[in-house]
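This is what each chain is made of:
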Protein chains: 2
Amino acid sequence: MDELKPPQRLLLGPGPCNVPYRVLRAMSTPLVGHLDPLFMQMMDEVCAALRDTFQTGNQMTFPVSGTGSAGMEACFVNLLEPGDTAVVCINGVFGTRMADVAERCGAKVIRVEAEWGGPLDQQLIIDTLKQHPEAKLCAIVYAETSTGVLQPIQEIGAYLKDKDTLFLVDAVTALGGVDLQVDAWGIDACYSGTQKCLAVPPGLAPVSFGPKAMEVLKTRQSKVQSWYLDLTMLMKYWGSERLYHHTAPISMIYALREGLRVIQEEGLQNRIERHAAAAGHLRDGLADMGFGFWAAEGYRLPPLTSVFPPEGWDVEGIRKQLLADYDIELGGGLGPVAGKIWRIGLMGENACVQKVAVLLRALQDFA
Amino acid sequence: MDELKPPQRLLLGPGPCNVPYRVLRAMSTPLVGHLDPLFMQMMDEVCAALRDTFQTGNQMTFPVSGTGSAGMEACFVNLLEPGDTAVVCINGVFGTRMADVAERCGAKVIRVEAEWGGPLDQQLIIDTLKQHPEAKLCAIVYAETSTGVLQPIQEIGAYLKDKDTLFLVDAVTALGGVDLQVDAWGIDACYSGTQKCLAVPPGLAPVSFGPKAMEVLKTRQSKVQSWYLDLTMLMKYWGSERLYHHTAPISMIYALREGLRVIQEEGLQNRIERHAAAAGHLRDGLADMGFGFWAAEGYRLPPLTSVFPPEGWDVEGIRKQLLADYDIELGGGLGPVAGKIWRIGLMGENACVQKVAVLLRALQDFA
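Residues numbered from 1 in each chain as written. Chains lettered and ligands numbered in written order. Predicted model: local features only at pLDDT ≥ 70, side-chain atom pairs only at ≥ 80, totals over all residues.

1. Let's talk about the overall build of chain A
(1) Moving on: The helix and strand inventory of chain A stands at 12 helices and 14 strands.
(2) Moving on: Relative to its length of 367 residues, chain A is compact, with a C-alpha radius of gyration of 20 Å against a globular reference of 21 Å.
(3) Moving on: Taking the principal axes of its C-alpha atoms as reference, chain A extends roughly 60 × 55 × 40 Å.
(4) Moving on: Within chain A, contacts between residues at least 6 apart in sequence are counted, and of these 71% link residues at least 24 apart. (Helix = DSSP H or I, 4+ residues; strand = E, 2+ residues; numbered from the N terminus. Rg over C-alpha atoms; globule rule 2.2 N^0.38 Å. Contact = placed C-beta atoms within 7 Å.)

2. Things to note about the sheet that holds strand β1 (residues 10-12) of chain A
All names here are of chain A.
(1) Moving on: Strand order across the open sheet formed by five strands is β1-β13-β14-β12-β11, with mixed pairing between neighbours. Single-partner strands in this sheet number two, and they are β1 and β11 (292-293).
(2) Moving on: Pairing of strand β12 (residues 304-308) with strand β14 (residues 342-345), which is carried by four bridges, proceeds in the antiparallel orientation. Across the sheet, L304 pairs through a bridge with G345, a residue of β14. (Pairing = 2+ DSSP bridges.)

3. Thoughts on helix α9 (residues 250-266) of chain B
Residue and element names in this part refer to chain B.
(1) Moving on: Spanning 17 residues, α9 covers 25 Å between terminal C-alpha atoms, matching the ideal 24 Å at 1.5 Å per step.
(2) Moving on: Most of α9 sits inside the fold, with 13 of its 17 residues counted as buried.
(3) Moving on: Once α9 ends, the next one or two residues include G267, with phi positive near 95°. (Expected span 1.5 Å × (residues − 1). Buried ≥ 20, exposed ≤ 12 C-beta atoms within 10 Å, placed from the backbone.)

4. Some thoughts on the packing of helix α2 (residues 37-54) of chain A against helix α9 (residues 250-266) of chain A
Residue and element names in this part refer to chain A.
(1) Moving on: Two elements in contact, α2 and α9, have axes separated by 10 Å at closest approach and are oriented at 45°. Accordingly, the angle class assigned to the pair α2 and α9 is oblique. When you trace α2 past α9, the crossing you get is left-handed. Of the residues in α9, those in contact with F39, M42, E45, V46, A49, L50 and T53 of α2 are I250, I253, L256, R257, L260, I263 and Q264.
(2) Moving on: Taken together, the residues of the contact of α2 with α9 sort by class into 10 nonpolar, two polar and two charged. (Axes fitted to C-alpha atoms, helices over the stretch in contact; angles between N-to-C directions. Parallel < 35°, antiparallel > 145°, perpendicular 65-115°, else oblique. Left-handed = near helix turned anticlockwise from the far one by under 90°. Nonpolar A, V, L, I, M, F, W, Y, C, P; charged D, E, K, R; others polar.)

5. Focus: the relation of the copies chain A and chain B
Both copies of the chain are related through a single rotation about an axis accompanied by a shift along the same axis.
(1) Moving on: Rotating chain A by 180° about the axis while translating it 0.0 Å along that axis superimposes it on chain B, leaving an RMSD of 0.0 Å. In short, the pair behaves as if placed about a two-fold rotation axis.
(2) Moving on: In this assembly the copies share their binding face: 98% of the residues contributing to the interface of chain A also contribute to that of chain B. (Least-squares fit on C-alpha atoms with pLDDT ≥ 70 in both.)

6. Quick notes on helix α8 (residues 231-238) of chain A
Residue and element names in this part refer to chain A.
(1) Moving on: Along α8, the residues classified as buried are L231, L234 and W238. Buried residues along α8 cover an arc of 60° about the axis, so they all sit on one side.
(2) Moving on: Lining the buried residues of α8 we find α2, β2 (60-64), α3 (68-79), β10 (205-209) and α7 (211-218). (Arc of directions from axis to C-beta.)

7. Topic: the interface of chain A and chain B
(1) Moving on: The interface is formed by 58 residues belonging to chain A together with 57 residues belonging to chain B.
(2) Moving on: When residues of the side of chain A that touches chain B are traced back to their parent elements, those giving at least two are α1 (21-27), α2, α3, α4 (93-104) and α9 of chain A.
(3) Moving on: Top element by residues in the side of chain A that touches chain B is α9 of chain A. It accounts for eight residues.
(4) Moving on: A class-by-class count of the residues in the side of chain A that touches chain B yields 25 nonpolar, 21 polar and 12 charged.

8. Details of the sheet that holds strand β5 (residues 137-141) of chain A
Residue and element names in this part refer to chain A.
(1) Moving on: The mixed open sheet is built from seven strands, whose spatial order is β2-β10-β9-β8-β5-β3-β4. The sheet is open, and its two borders are formed by β2 and β4 (108-113), each paired with just one other strand. Across the sheet, the mean angle separating the axes of adjacent strands is 15° when strand polarity is ignored.
(2) Moving on: By the bridge criterion, five bridges tie β5 to strand β8 (residues 166-170) in an arrangement that is parallel. Residue pairing across strands places V141 opposite D170, the latter belonging to β8.
(3) Moving on: In this fold α2 packs onto β2, β9 (189-191) and β10, with an angle of close to 105° to the strand it touches most, β2.
(4) Moving on: Packed onto the sheet, helix α5 (residues 122-131) meets β3 (85-90), β4 and β5 and runs at close to 155° relative to β4.

9. Here's the deal with the domain arrangement of chain A
Residue and element names in this part refer to chain A.
(1) Moving on: The domain boundaries assigned to chain A delineate domain 1 (10-14 + 268-364) and domain 2 (21-264).
(2) Moving on: The distance between the C-alpha centroids of domain 1 and domain 2 comes to 26 Å.
(3) Moving on: Contact with domain 1, which involves 23 residues of that partner, is made by 24 residues of domain 2.
(4) Moving on: If one sorts the elements of the side of domain 1 that touches domain 2 by residue count, helix α10 (residues 268-288) sits on top with four residues.
(5) Moving on: Within the side of domain 1 that touches domain 2, the residues separate by chemical class into 14 nonpolar, five polar and four charged. (Domains from an automatic or database assignment.)

10. Let's talk about unusual backbone geometry
All names here are of chain A.
(1) Moving on: That bond from G15 to P16 is cis: its omega, 10°, falls within 30 degrees of zero.
(2) Moving on: Position of P16 relative to the elements: it lies in the loop between β1 and α1.
(3) Moving on: Of note, the phi angle at D327 is positive, near 55°, even though the residue is not glycine.
(4) Moving on: The class of D327 is partly exposed, set by 16 C-beta atoms lying within 10 Å.

11. Here's the deal with the pairing of strand β4 (residues 108-113) of chain B
All names here are of chain B.
(1) Moving on: By the bridge criterion, six bridges tie strand β3 (residues 85-90) to β4 in an arrangement that is parallel. Each residue of the ladder has a partner; that of T85, found in β4, is K108.
(2) Moving on: A crossover links β3 with its parallel partner β4, the connecting element being helix α4 (residues 93-104), and its sense is right-handed. (Right-handed = clockwise from strand over helix to strand, strands pointing away.)

12. Digging into the packing of helix α10 (residues 268-288) of chain B against helix α12 (residues 353-364) of chain B
Residues and elements named next belong to chain B.
(1) Moving on: Interhelical geometry of α10 versus α12 gives an angle of 20° and a closest axis separation of 9 Å. The angle between α10 and α12 falls in the class roughly parallel. Crossing hand, α10 versus α12: right-handed. For the pair formed by α10 and α12, the contact residues are A278, H281, L282 and G285 on the first element and V353, V356 and L360 on the second.

13. Looking at the environment of K320 of chain B
Residues and elements named next belong to chain B.
(1) Moving on: Structurally, K320 can be placed in helix α11 (residues 315-326).
(2) Moving on: Take K320: there are 14 C-beta atoms within 10 Å of it, and that puts it in the partly exposed class.
(3) Moving on: Residues K320 and V358, 38 residues apart in the sequence, show an inter-C-alpha distance of 16 Å.

14. A word on the environment of E103 of chain B
(1) Moving on: Mapped onto the secondary structure, E103 of chain B falls in helix α4.
(2) Moving on: Sequence separation between E103 of chain B and T232 of chain B is 129 residues; the distance between their C-alpha atoms is 21 Å.

15. Focus on the pairing of strand β5 (residues 137-141) of chain B
As a general feature of sheets, a regular strand has side chains that alternate between the two faces.
All names here are of chain B.
(1) Moving on: In terms of burial, β5 is largely enclosed, as five of its five residues are buried.
(2) Moving on: With burial as the criterion, each face of β5 is covered, one bearing L137, A139 and V141 and the other bearing C138 and I140.
(3) Moving on: Direction of pairing for β3 relative to β5: parallel, over a ladder of three bridges. Looking across to β5, one finds that V88 is bridged to A139.

16. Focus on the confidence of the model for chain A
The predicted coordinates should not be examined in detail at positions where pLDDT is low.
(1) Moving on: Mean pLDDT over chain A stands at 97; residues scoring 70 or higher make up 100%.
(2) Moving on: Listed scores for the predicted complex are pTM 0.98 and ipTM 0.97. (pLDDT = per-residue confidence, 0-100.)

17. Quick notes on the environment of A158 of chain A
(1) Moving on: Relative to the elements of secondary structure, A158 of chain A occurs in helix α6 (residues 154-160).
(2) Moving on: The spatial distance from the C-alpha of A158 of chain A to the C-alpha of W185 of chain A is 6.7 Å, given a sequence separation of 27 residues.

If you want it as structure tokens, here you go:
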């Protein structure tokens, strides 16, 4: 194996995005041990900064030692027990994945579906919840990375606030780039990933569990089926007891800490507005070139724009050429739109007019 | 949060150990995407180098996206189904953990136990396997990080070679530091972690699955209970199909690749001998100072030495002082020996006389 010398890619796909140099530098800091008092202090700092980003006071807010999908699994395996009912909302790959994960927990899954590329009707979900008051949870993807749809969720959260059913939200492509108010919107459990709008390498899944979810966890009849993701044990490591569970991915925590510092310095609201402005700029430029948009108007996710290239464009061929000749990575379509769309991510430091200009100018070469 | 400026610790605990600077530097390389053709090539390189380190030809050898405990869980959830019988050998924390994980898979666990600090009797295990030919697997810890015992396992592997029962081995504190011959010893599934003798930060769990294990996987009746760790899907991402499963922890893979390059340059056999020589040097020095050894003579694990400090030493107080005043981290005891022992790790670049000298000289200040 030769020395690692990859090219400098401009990562405009569905994540990872480019990571600020100061985050890479922090990640490469020589390690302290995972039980070192100094590391414990860093853990507390990271949890506090994550709470600010999730806009929550939830004590149980911390990064799971795995990528975003591990965060998804952590939520389902801890909150569901065999025989439970789960209402799962599906309008893309990640909603489909949630249903799969819930079924592997032994849950009975009630699906509420909408066409991919469009939003789910909140009233339809609420009506389903009225028919299934026994549901242990209702799970929905707030920012669907496969379609670029930003799903309205606040009415569901408001409806479930005084019900027993928990409200579980996938915020993988939202945290740090789109408004997300865990407490104000009545979200009981929420998970994300580091490689999207937080602009940190993939490897950690920030999660947050509210009081209603913690109560469900405490009253479980069976052991959590995953030892690795068992919150009843993890809370003793991340909480005040500091009981050893597994060796935390220390360098990744260093990186996340620095990524959260970057967010604190910019200000969460400024960052969200920057993501929205960059996305608007991109959409205008693409519309001028004849691109079509997959996500329904009014429901477009700023960090991820899903587009149909103009008639006659070699969708996959040009995407490969952009990578090979321009070092620009875009995402392809998943499932039914494989080979038909591009997914263009503007996340973290890439959410700026400079990066939009690079892409638009490169695309002109194919027009 | 201030800028991250931790002190330079000498990590002589049970892992993580100090990571070579070139590994930290490789980890901080700007990212390419997880579906980039260049990353696919790196994945192949990492898998090939892991095969050399595991001494196996197993195609299904790759790093699980989680720490060592995720590797343990990946082995159990994929190989066991509800109702299966698992023979689990226990002489320390990690054997105990294996039994817990197996039970969470719905398996009936047959325990074979030995006193902590001593090895398990291979003949007793074989006798148990004869009584339970229906056992789906027999799991054992080769290098017990909680006690510092190196467990002989080859007779069990030889016995199981022509049986249906799979042989599953925990090699977390062995891979890259102790002889481990997956193919020659008849091991069907094996897992490790990166933060021990590979001298890479924690965050990945190298695993290897042999043909017998893959056959069991293919003939499962039920879905794997963990979506995140489901090898039937993971093999399509790590194999030739390159089907997206989850976003790989790219920076950690960079680090592992560089750590494996370091091993290739040194040579696996040289590295194993260096770990043994450093451990011998440490034991001699500690014996001279009146330390007692917990692990039975003849069964001492070179990368991790478990000791009883001399009579009258404040075991936990001195350990804390070593960290605070000398920046030297040692591990404490787990479970029944909490507060009674130290666990001293000499792993990766720390397995050398220089680091032994630092520790022995520091300890003299307390004598």
